[in-house]
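Structural overview
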Amino acid sequence: SAASDVYKRQEIIIVDDYSTDRTVELCKDYQMRHSNIRLIQNSENIGQGLSRNKGIEVATGKYLAFVDSDDMVSRYMYGDMLSLVNGGGYDVVRCRFKRIYGFMASRIEVAKRLDNIETFCSSGEIKEKILPQFVGFLPGQSMEKRPPWSACTYLYKTALIKEKNIRFVSERELYSEDMFFNLDVLNAIESYIATDAEYYFCLLYTSDAADDLTRVD
């Protein structure tokens, strides 16, 4: 779904984590049809966190985004989120995600674009207002209002991630690698802008719905 995004000035890096099915063949087919796709093939299976780090190392875009192989993004996601960045050069942009069943994937789209925008323009404000919500609840706060842990709901300034050497830990050594990555990010940034628009779709599969969508893992 990233290749179908209406924002075309993007670099797509696919990291194949030593798959044993037709994944590489499918990825190479996408490469032939999209000149902005780059394929990295791991020589052994190293897991999601370390595979993402390989993508970070070779990324050349101004901002980084992550998409899990069994999820989808709105075709408006990156264009809309980058439009927020362009207004202030923020270090991080955040949206929200929506859980959907696989059979809904072909007809789902964001309900309200650029919904409820909030900005935070100092490290002190971020640590005071974002970090506490990220690791816990404010009194009377709904869980849905917390900043999501998933790195897939954020855009990160590439230069900052590389300069501060922020990387994912292996989920095989420490669970919730996204949470620890984002904690490092939140402690390093000076600016943050967020929208409650649900641009990212986490696909849920049941025994009845598993055949409704082809997955590329």
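Residues numbered from 1 in each chain as written. Predicted model: local features only at pLDDT ≥ 70, side-chain atom pairs only at ≥ 80, totals over all residues. Heavy atoms only, no water.

**Concerning the packing of aromatic side chains**
Just so we agree on the cut-off: Ring geometry is summarised as follows: Phe, Tyr and Trp rings, the Trp one being its six-membered ring, pair when their centres sit within 6.5 Å, and such pairs are stacked at plane angles under 30 degrees, edge-to-face over 60 and tilted between the two. In our convention, an over-ring charge means Lys NZ or Arg CZ found within 6 Å of a ring centre and within 35 degrees of that ring's normal.
For the coordinates displayed, the defined rule picks out seven aromatic pairs. Its guanidinium or amino end placed over the ring of Phe168, Arg52 lies 4.8 Å from that ring's centre, counting from NZ or CZ. Positioned above the aromatic ring of Tyr76 is the side chain of Arg113, whose terminal nitrogen or guanidinium carbon lies 3.9 Å from the ring centre.

**So, the layout of surface pockets**
Condition: Both site types are read off a 1 Å grid over the protein atoms alone. A 1.4 Å probe that fits but cannot get out defines a cavity, while an open set with protein on both sides within 12 Å along at least five of seven lines defines a pocket; lining residues have an atom within 4 Å of a point. Grid points are joined across faces, edges and corners, and a volume is the space filled by probe spheres set on the points. A helix here means a DSSP run of H or I that spans at least four residues, while a strand means a run of E at least two residues long, and both kinds are numbered starting from the N terminus. Each residue gets one label: Ala, Val, Leu, Ile, Met, Phe, Trp, Tyr, Cys and Pro are nonpolar, Asp, Glu, Lys and Arg are charged, and the others, such as Gly, are polar.
Estimates place the volume of the second largest pocket at around 810 Å³. Surrounding the second largest pocket, 24 residues form its lining, Phe97, Arg99, Pro148, Trp149 and Ser150 being those nearest its centre. Broken down by secondary-structure element, the contributors of at least two residues to the lining of the second largest pocket are strand 5 (92–101), helix 6 (177–186) and strand 8 (192–204). Looking at the lining of the second largest pocket residue by residue, the class counts come to nine nonpolar, three polar and 12 charged.

**A look at helix 1 (residues 23–33)**
Put simply, the test is: With a 1.4 Å probe rolled over the protein chains alone, any residue whose accessible area is under 20% of its type maximum counts as buried; one over 50% counts as exposed, and the rest are partly exposed. What the arc describes is the spread of directions from the helix axis to the C-beta atoms. Throughout, a contact is declared for two residues whenever any of their heavy atoms are within 4.5 Å.
Here helix 1 has its buried residues at Thr23, Val24 and Cys27. An end-on view of helix 1 places all buried positions within 90° of arc, on one side of the element. Exposed residues pointing more than 90 degrees away from the buried face of helix 1 are listed as Met32 and Arg33. The secondary structure elements touched by the buried residues of helix 1 are strand 1 (12–16) and strand 2 (37–41).

**Looking at helix 2 (residues 48–58)**
Turning to helix 2, its buried residues are Gly49, Ser51, Arg52, Asn53, Gly55 and Ile56. Buried residues in helix 2 make contact with strand 1, strand 3 (63–64), helix 5 (158–163) and helix 6.

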